[in-house]
Amino acid sequence: MKTLLRKYGVWVAAAILFAVLPAVFTSNFALTLLCKMGVLIIFAIAYNMLLGQGGMLSFGHAIYFGMAGYCSIHLLNGMAEGMPYFPVSLFPLFGALVGLVMGIAIGYVSTRRAGTTFAMISLGFGEMVTAMTLIFVTFFNGEDGIQADRWVGPEPFGITYGPQIEVYYLIAIWCFLAMIAMYAITKTPFGRMSNAVRDNPERAEFVGYNTQRVRWLAFSLSAMFAGAAGSLHAINYEHIGFESVSAIQSGAVLFMVFIGGAGHFLGPIIGTVLLVFLDSTLADYTEAWLLYLGLVFVAIIMFAPGGLAGLIVMHEPMWKTDVRLLRKLFVPYLLALGSSLILLIGAIGIIEMIYFITIIAVGRVDMHLFSIPIKVNEVTPWLVCTALIAVGVQGCRLSYPKVAESWNDAMIAVKARIAG
Amino acid sequence: MSTVLKMADVSKSFGQAEIIRGINLEIEKGERHAIIGPNGAGKSTLFNLISGKYKVTSGTIDFNGQPIHNRRPFEINRLGLARSFQVTNIFPRMSVFENVRCGLLWATGHRYSFWQLVDRQKDVQERTKLILEQLNMSSRADVPAGLLSYADQRALEIGITMAGGGEVLLLDEPTAGMSHSETDYAVNLIRDITAGKTLLIVEHDMGVVFDLADRISVLVYGQIIATDTPEKIRKNAAVQEAYLGTEAH
Ligand SMILES: Nc1ncnc2c1ncn2[C@@H]1O[C@H](COP(=O)(O)OP(=O)(O)O)[C@@H](O)[C@H]1O
Ligand SMILES: [Mg+2]
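Procedures and definitions
Residues numbered from 1 in each chain as written. Chains lettered and ligands numbered in written order. Predicted model: local features only at pLDDT ≥ 70, side-chain atom pairs only at ≥ 80, totals over all residues. Heavy atoms only, no water. Near = heavy atom within 4 Å. Polar contact = N/O pair within 3.5 Å; in protein donor to acceptor, adjacent residues only side chain to side chain. Areas by Shrake-Rupley, 256 points an atom, 1.4 Å probe, with all protein chains shown as cover. Helix = DSSP H or I, 4+ residues; strand = E, 2+ residues; numbered from the N terminus. Nonpolar A, V, L, I, M, F, W, Y, C, P; charged D, E, K, R; others polar. Salt bridge = Lys/Arg side-chain N within 4 Å of Asp/Glu carboxyl O. Buried < 20%, exposed > 50% of the residue type's maximum accessible area, 1.4 Å probe, protein only. Donors = N, O, S within 2.8 Å, 3.2 Å for Na, K, Ca; no water. 1 Å grid on protein atoms, 1.4 Å probe; cavity = no way out; pocket = protein on both sides within 12 Å on 5 of 7 lines; lining within 4 Å. Points joined across faces, edges and corners; volume = space filled by probe spheres on them. Domains from an automatic or database assignment. Contact = heavy atoms within 4.5 Å. Buried area = accessible area lost by both parts, 1.4 Å probe. Axes fitted to C-alpha atoms, helices over the stretch in contact; angles between N-to-C directions. Left-handed = near helix turned anticlockwise from the far one by under 90°. Pairing = 2+ DSSP bridges.

## Describing the site of ligand 1
All names here are of chain B. Lining the immediate environment of ligand 1, one finds Phe14, Ile19, Pro38, Asn39, Gly40, Ala41, Gly42, Lys43, Ser44, Thr45 and Tyr54. The separation between an oxygen atom of ligand 1 and a polar main-chain atom of Ala41 is 3.3 Å. One nitrogen or oxygen atom from the main chain of Lys43 is found 2.8 Å from an oxygen atom belonging to ligand 1. When the free accessible area of ligand 1 is taken as 560 Å², the share hidden by the protein chains comes to 61%. Broken down by element, the residue count for the shell around ligand 1 peaks at 3 residues, all from helix 1 (residues 43-50). Of the residues in the shell around ligand 1, the class split is 5 nonpolar, 5 polar and 1 charged.

Okay, here's the thing in structure tokens:
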């Protein structure tokens, strides 16, 4: 019982979480947000099968997501017009099939090479499909996209998918199943060799693996799950538009996975929850939200290439060896965090004021910065923010090397213990 | 005795430079065959040709009667020919256990399976554990391979190579950079794991070579100038002049 709980406890907890979330966050806004998160979590983990597990950077993965969405909308509309009934609850399977077929076809071409070539080909296919949305009007209906009604056909167990809460549970169940499936895949012979091909393709060839085949399979499976997500996306909004196949969606999933961390299974989940939440809340507070997102992205790529999950996992050798090693890191980390925060506050202040005077309210001077009323034509707020930036920069310059140093010291201690 | 590996007139050029120049060599089933020669003679290049990393410029290589000189590395490996690398070539982010396991997944028939959990495959788990015991690395099974000491990484390199159970093993300078005691340990290990198999080994340590090999080939400037038993190689005048020089006492 104990071992069972340890083994499956995380999944049981996740299932309970999925079940009770709508009871905890009861507003319509929260429900919309949760639905969006569920869909994009599937998409992000699928994308990470490619990026994190397989080492393939795609700039066009939304086409499997979006095309499955288009096909699902057409299926809904077809059913409304008398086509044979296909249970709406099983739509993700249909979307998965669409994604899989496309993934097999496009992956055959694009996974022959890894690295930059792969990335460029993915970009090419992405642009191609985006262009098609404007050309093949009957299928894509151009910039307007297509509407559909998810309330069609029979109503098994009284489920109509009229109320959003029913859609939430549809998404939650599929998200849960997809998470388990994708996690399990990382633990299969294929999953392990996908990592091996990512880390050292040459060596993988010399233990009997065709690296192209491994990448192709990873690509196809990833596209399959992306398709399942796209199908749920279509049901959720009862609409599909060209942006769902475009670079906008491809870029969004890339952001989520990179910021959350491609190196860990939890990374895409963290990234998705965080970005979907920030996207819908911060956007109300500041018009410069996309600018901040870009800055965060750059900062993560530069200073924490493993993303948020990577920052945590970096310390795994330490807590596995001796938890006390972590204690020595506490003070340097706190100093670095403090300095970064000061720098951040100063920078946000300047950006917000510039935004205010150049875009939001040309000619006006009264604004609120961090809830403090200020006048942008006075020199004080500018001076304060600049001073904060200066202090922050100096603090970072002093504290970051200390962080690196203390982390290295801890790693040396770990290595010494391993060597025994 | 039958021939497992047969090279006929094998040549390899990189651009203008002809690095391997018409090699004829037959490796007998079950023998331990060492290749020696000065730095830059083309020993590693020869291994790269046999194992499919490079394509031959001309000539043929047969493995158990099948031509393999146009095959890709994974195809040659699947036929039962495994190799190690002179420059350590492991999966640094994976644990020691996983490194070895990667070496035997194909050979145990698990291939591209994405419907079975690898931890539940008894054959895989047990064989991996056995190899770790042979390597004397069981206690470090969970350590990321990149954190191992140099000598341990070299041992792991051998472990990955032997894991698949190939009948022919190509080891490229397995003891390079090891201390005396580490070398001794590695040589015993190599002797153990190649029992009943065919070994082709590049080695610079003459003590190891004369200790381990049934036959020795001397490679100089891309040509084999002699192939013989250790005693005869030791006495061979051409070899002494070209290579062993003052070392041969
Ligand atoms: N890929 C390559 N391209 C060009 N030259 C190479 C390549 N690989 C090896 N060489 C050259 O071939 C020669 C033999 O190298 P190598 O086989 O590594 O020698 P050894 O292993 O006997 O020390 C060297 O001069 C090396 O520079
Ligand atoms: Mg060499």
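## Describing the pattern of salt bridges
All names here are of chain B. One pass over the full model with this rule turns up 17 salt bridges over all chains. Here Glu98 and Arg101 are joined by a salt bridge, their closest N and O atoms 3.3 Å apart. With Glu98 and Arg101 both in helix 3 (residues 96-104) and 3 residues apart, this pair spans about one turn of that helix. Residue Glu98 is classed as buried on the basis of its relative accessible area, which comes to 15%. For Arg101, a relative accessible area of 4% puts it in the buried group.

## Description of the coordination of the magnesium ion (ligand 2)
Residues and elements named next belong to chain B. Around the magnesium ion (ligand 2), the protein supplies Ser44 (OG) and Gln86 (OE1) as donor atoms, at distances of 2.1 Å. You can see Ser44 sitting in helix 1 and its partner Gln86 sitting in the loop between strand 6 (81-83) and helix 3, a full 42 residues away along the chain. Relative accessible area serves as the criterion here: at 22%, Ser44 is assigned to the partly exposed category.

## Considering empty space enclosed by the protein
All names here are of chain A. Applying the stated rule across the entire model yields 5 cavities of 30 Å³ or more. Approximately 70 Å³ is the volume attributed to the largest cavity. Around the largest cavity, the lining comprises 13 residues; the ones closest to its centre are Tyr85, Val88, Pro154, Ile159 and Tyr161. Per-class residue counts for the lining of the largest cavity are 8 nonpolar, 3 polar and 2 charged.

## Side note on the domain arrangement of chain A
By convention, interface size is frequently given as the accessible area that disappears when the constituent parts associate. All names here are of chain A. Parsing chain A into structural domains produces domain 1 (2-304) and domain 2 (316-419). Just the C-alpha atoms count here: the centres of domain 1 and domain 2 sit 33 Å apart. On the side of domain 2, 5 residues touch domain 1, which itself brings 6 residues to the contact. Across the interface of domain 1 and domain 2, roughly 520 Å² is buried in total on both sides, 71% from carbon and sulfur atoms. Summed over the shared surface of domain 1 and domain 2, the result is 0 salt bridges. For the side of domain 1 that touches domain 2, the residue count by class is 4 nonpolar, 1 polar and 1 charged.

## Overview of the packing of helix 4 (residues 122-135) of chain B against helix 5 (residues 150-163) of chain B
All names here are of chain B. At a closest axis distance of 10 Å, the pairing of helix 4 and helix 5 adopts a crossing angle of 140°. Handedness of the crossing formed by helix 4 with helix 5: right-handed. Where helix 4 approaches helix 5, its residues Arg127, Ile131, Gln134 and Leu135 are matched on the opposing element by Ala155, Gly159, Met162 and Ala163.

## Points about the sheet that holds strand 10 (residues 223-228) of chain B
Residue and element names in this part refer to chain B. Ordered by their spatial adjacency, 6 strands build an open sheet running 6-7-8-3-9-10, and the pairing between neighbours is mixed. Looking along the sheet, the strands with just one partner apiece sit at the ends: strand 6 and strand 10. Shown here is a sheet whose adjacent strand axes are inclined to one another by a mean of 15°, direction ignored. Here helix 5 sits on the sheet and contacts strand 6 and strand 7 (168-172); the angle it forms with strand 7, its principal contact strand, is near 160°.

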